[in-house]
Structure formats: C-alpha cells, structure tokens
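Spelled out, the chains give:
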Amino acid sequence: MHHSMLDQALTRLEDAAQHLHLDSDVLEKLKYPRETTKTRLLIRMDDGSRKSFMAWRCRYDDTRGPTKGGIRFHPDSTMDEVETLAFWMTFKCAVMNLPYGGGKGAVQVDPHTLSKAELERLSRAYMQAFSQIIGPDRDIPAPDVYTNSMIMGWMADEYASIVGRVSPAVITGKPIALGGSLGRDDATARGGFYLVRHLEQELGLKPGATVAIQGFGNAGSFMARLMAGVGYKIVAVSDSRGAIHAPDGLDVAALVAAKAKGPVTAMANGSTIHAIDPDTIVGVECDVLVPAALEDLIHEGNADTVKASVVVELANGPITPEADAILASKGVVVLPDILANAGGVTVSYFEWVQNRQGYYWTLDEIHTRLKAIMETEGRAIWVLAKDRGITVRQAAYVHALGRLAEAIEAHGTQQFFAS
Ligand code: GLU
C-alpha cells in the first residue's frame, strides 16, 4: 500500500493521541487539512514567452488562530508535501504556544533558473492568486526553502496594492525597511542553538563537542556560526552540491565567505579538509548532527550509521518514523523539528505583533523573548519525555496536542469557520 507523506506524519499524531486518552473528535479534526488551494501561476518570462508553474497554499488547521507558515519555491514540491509541512506548522505553533494554526505554501519551480525580474513576477503572481485566502487575521505566509526577505517584500507590496492599504502583518520575514523584525534572519538557527545550550547538561554536551551540519542555507550556516561562536567544533558540512569533512574543525568565517561565492566543496584542500560523498554526512563521526535542508534525510536505510549522540532537526521532517525508532533504540536523542526549528516562526510572530502595534523592538528584546520561550517550552517537553519515558518528539506532540485539544473543546460544537 502506498503511504503519502502526510500519512507518515500522521503516525506521530496518532501516537501522541494514545498518550493523552483523547476524544476521537479531536483526531477527526486534526487528521485532514482543512483547505488546500491549487493554482497554476502564469508569468511572462524575460524573453517574452509565457511559462506556468504549479502553486499551492494549504491552511491545515486554524483552531488556535490564523494559519501560519512559509512558502517554498522548489522543483520537487508537491501538494502532499505542502499539506505535510502545514500539518507540522500546526503542531509547531502549538508547541511554542503561539496564537496560530498551521499553513504552508509552495511553487513547483527551481528559482535559480529565473532572473530576478522573473522571480519578482512569480512572487507577485502567487500573492495575486491567493490574496483571498491570505490575510493578517486569516493566513500569514513567511519564507521557507529557497524564498527570502526580498520575495516576502514583493509579496507584501503586491498585497498592499490589492487591498489598497499598507498591511505589513500579512506576511513575515520581510526586509527591515518594510516592517521586518530584527533577528528574523538567524531565528531558526538561534532557537535551536538556545535549546541545545539550555539542555547541554542533560544531553551530555559542552563546547568543544563536534558538530556536522547537513545543508548550508539560512538555517545551517547561522547554526555553524552560533555553535562555533561558543566553542563547538564544526567538523563537516554539506550543501546541495557536495560535502566536506575536517576532523580538526572548520574555520566557519572562511566557510561562510567561500559559500557566498560557490559550493562548500571549494574549501577542500586535500590535507585538513576533505571532500566527501554528501550521502555519508549522516554517518560522519561527530557528537551533534544537524539536518538543515529537506525531508527524509535519515531513513530506514541509513539511520543505523548515525554516530552522533544528539540530532537537532533544523529542517522540517528530516527523519522518517522508521528511522526515529532505530535512533531511539540506539539511544540517540532527537530534538524534533516542531521544537528545534520553531525559532523561525516565533520571531515571525514577534514581527506580526510589532506590525500590529506599530512599535518595534530592539535586537536584544527579540533575543531575550525568543530565549525565554525556547527554554520554557523546551524544558516542559524535556521533563514530559523523562516523566513518561517517551522520546522528545513524542513529548513535543503530546505537549502540542494537549493545547490543540483544549482549543478544539473551547470552540464548542458549532465551531466558527472563517471563510
Ligand atoms: N518556514 C519556517 C518554518 O518552517 C517559518 C515559518 C514562519 O515563519 O511562519 O517554520
């Protein structure tokens, strides 16, 4: 039988439901996406021709507030993936107690093949197509894989022109000049970093420990800087084009500079830094493994090769349920995506709050607030995992599901649906 990605993800929900003795009504509400809109975006290319791209926006669940989640531009995006990512956002926002439901969007495109002008037309076309679904009190997009603040700025601008007024809270991850928040750029990595630092003792880690990072985009490169900044040793990194291994540690500043010009493999020198097969980074000798790219990196076929004692999921969904079981039996602790990478959406929430109040916080205020939330929710989940003898992922789902169930109950039997 063929299992969709969403079916796989739902096994985590069903598992958590058993730990909570939940009313079946709650599961019935959470096991299907509420609405997914699909469209084909038709844009003018620079050479005058027209080209079309599949695009989706999923509002998975809005029990706890307007749906929230990024927009991904990726050639392999599918509706199943969008719905799965929106499901994860629902639980991520509940884990962090943000007043949001979960959503996600995508365009099936390799943005690297587009000119800047084409990318802008595509971004504006996305907002035009979904402007009825999106809104500051309804569905609030943000960046995800291969989208960035420039794209969010174009989308905010397009939305303003559609509704005829400035409306910065419609989208987060904007450029600072258009109402973006300080600290949104490194927030995903910083949240994971604060979590690791807070749990260092429990995890048996301390500065000097070795770290391997799979993916050197926004999340991975900031994580390398933050971890190296307090003395962790970055021994391996990969990007979409290759991987490098340096048992004595990499100079992260040099690596970031090299990555600005080309692939990370440009750092290989044949003596202290070796190019390795990117598929082997999962099994590299290290204390902390940080998946920071796409889904399904660690699966049934390679979970057994993991040498790290801690895996920090900065990517969404990098470990399959089968691999989860293998890692648990090996005693590997996984800090799960819906907690470990939730710093991104948390600072998105701060951005939305600042946009609505029209008063902006300092970088220090952003960091202090993010750290407090990561530590509060991270500690609660850690204690729950220890008390119940379950994995940190199971505890994170139980923690989130308790909040979701309470909100579903509070809505009453005739739940209002904003449509
Ligand atoms: N795309 C990010 C995530 O997966 C951020 C979402 C947001 O900021 O709304 O969590």
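My aim in this report is to walk through the structure given alongside it, one point at a time. None of the values given here were measured: they were computed from a predicted structure.

1. Considering the site of the ligand
Here's step 1: Not every one of the 14 residues close to the ligand is listed here, only the nearest: K68, K92, P143, D144 and S348.
Here's step 2: Within the contact set of the ligand, an oxygen atom lies 3.0 Å away from a side-chain nitrogen or oxygen of N316.
Here's step 3: Contact with the protein chains hides 95% of the accessible area of the ligand, taken as 300 Å² for the molecule alone.
Here's step 4: Among the elements of the structure, helix 3 (79-95) and helix 12 (343-357) are those that each provide at least two residues to the shell around the ligand.
Here's step 5: At 3 residues, the largest contribution of residues to the shell around the ligand is made by helix 12.

2. Let's talk about the packing of aromatic side chains
Here's step 1: For the coordinates displayed, the defined rule picks out 11 aromatic pairs.
Here's step 2: Measuring from ring centre to ring centre gives 6.2 Å for Y349 and W352, while their planes differ by 35°; the resulting arrangement is tilted. With Y349 and W352 both in helix 12 and 3 residues apart, the pair spans about one turn of that helix.
Here's step 3: Through pairs of rings, three or more aromatic residues link up here, namely Y100, Y349, F350, W352 and W361.
Here's step 4: When the ring centre of W361 is taken as reference, the NZ or CZ atom of R369 above it lies at 3.9 Å.
Here's step 5: Sitting above the plane of the W382 ring, K386 keeps its charged end 4.8 Å from the centroid.

3. Quick word on the side chain of R393
Here's step 1: The residue R393 is located in helix 14 (residues 392-410) in this model.
Here's step 2: Residue R393 is classed as buried on the basis of its relative accessible area, which comes to 4%.
Here's step 3: There is a polar contact of 2.9 Å between the side chain of R393 and the side chain of E313.
Here's step 4: Not counting the four nearest positions on each side in its chain, R393 is found in contact with R12, E313, I319, D324, V334, P336 and D337.

4. With respect to helix 3
Here's step 1: In this model, helix 3 (17 residues) spans 24 Å end to end at C-alpha, consistent with the 24 Å of a helix rising 1.5 Å per residue.
Here's step 2: In terms of residue burial, helix 3 counts as a mostly covered element, since 15 of its 17 residues are buried.
Here's step 3: N97 lies just past helix 3 and shows a positive phi near 60°.

5. Thoughts on the pairing of strand 5 (residues 101-107)
When a strand is regular, its side chains alternate between the sheet's two faces.
Here's step 1: Extensive coverage of strand 5 is indicated by the burial of 7 of its 7 residues.
Here's step 2: Of the two faces of strand 5, both are covered, the one formed by G101, G103, G105 and V107 as well as the one formed by G102, K104 and A106.
Here's step 3: Where strand 2 (residues 50-61) and strand 5 come together, 6 bridges link them in antiparallel fashion. Bridged to R57 within strand 5 is G105.
Here's step 4: Judged from the 2 bridges that link them, strand 3 (residues 67-68) and strand 5 form a sheet pairing that is parallel. Bridge pairing in strand 5 places K68 opposite G102.

6. Structural notes on the sheet that holds strand 10 (residues 274-276)
Here's step 1: Pairing in this open sheet of 7 strands is mixed, and the strands run 10-9-8-7-11-12-13 from one edge to the other. Only two strands of the sheet have a single partner each, and these edge strands are strand 10 and strand 13 (333-335). Strand after strand, the sheet turns through a mean of 20° between neighbouring axes, direction not considered.
Here's step 2: Relative to strand 13, strand 12 (residues 310-312) runs parallel, the two sharing 3 bridges. When the bridges of strand 13 are listed, V310 appears paired with V333.
Here's step 3: Lying on the sheet, helix 8 (residues 218-229) is in contact with strand 7 (210-214), strand 8 (233-239), strand 11 (288-291) and strand 12; it crosses strand 7 at an angle near 170°.

7. Remarks on the pairing of strand 8
Here's step 1: Taken across its 7 residues, strand 8 has 6 buried, putting it largely inside the fold.
Here's step 2: Looking at chain direction, strand 7 and strand 8 are connected through 5 bridges and run parallel. When the sheet's bridge partners are listed, Q214 is paired in strand 8 with S238.
Here's step 3: Here strand 8 runs beside strand 9 (residues 242-245); their pairing, made up of 4 bridges, is antiparallel. Looking at strand 9, one finds that A236 is bridged to H245.
Here's step 4: The hairpin formed by strand 8 and strand 9 contains 2 residues between the paired strands.

About the cut-offs
Residues numbered from 1 in each chain as written. Predicted model: local features only at pLDDT ≥ 70, side-chain atom pairs only at ≥ 80, totals over all residues. Heavy atoms only, no water. Near = heavy atom within 4 Å. Polar contact = N/O pair within 3.5 Å; in protein donor to acceptor, adjacent residues only side chain to side chain. Areas by Shrake-Rupley, 256 points an atom, 1.4 Å probe, with all protein chains shown as cover. Helix = DSSP H or I, 4+ residues; strand = E, 2+ residues; numbered from the N terminus. Phe/Tyr/Trp six-rings, centres within 6.5 Å; stacked < 30°, edge-to-face > 60°. Lys NZ or Arg CZ within 6 Å of the ring centre and 35° of its normal. Buried < 20%, exposed > 50% of the residue type's maximum accessible area, 1.4 Å probe, protein only. Contact = heavy atoms within 4.5 Å. Expected span 1.5 Å × (residues − 1). Pairing = 2+ DSSP bridges. Axes fitted to C-alpha atoms, helices over the stretch in contact; angles between N-to-C directions.

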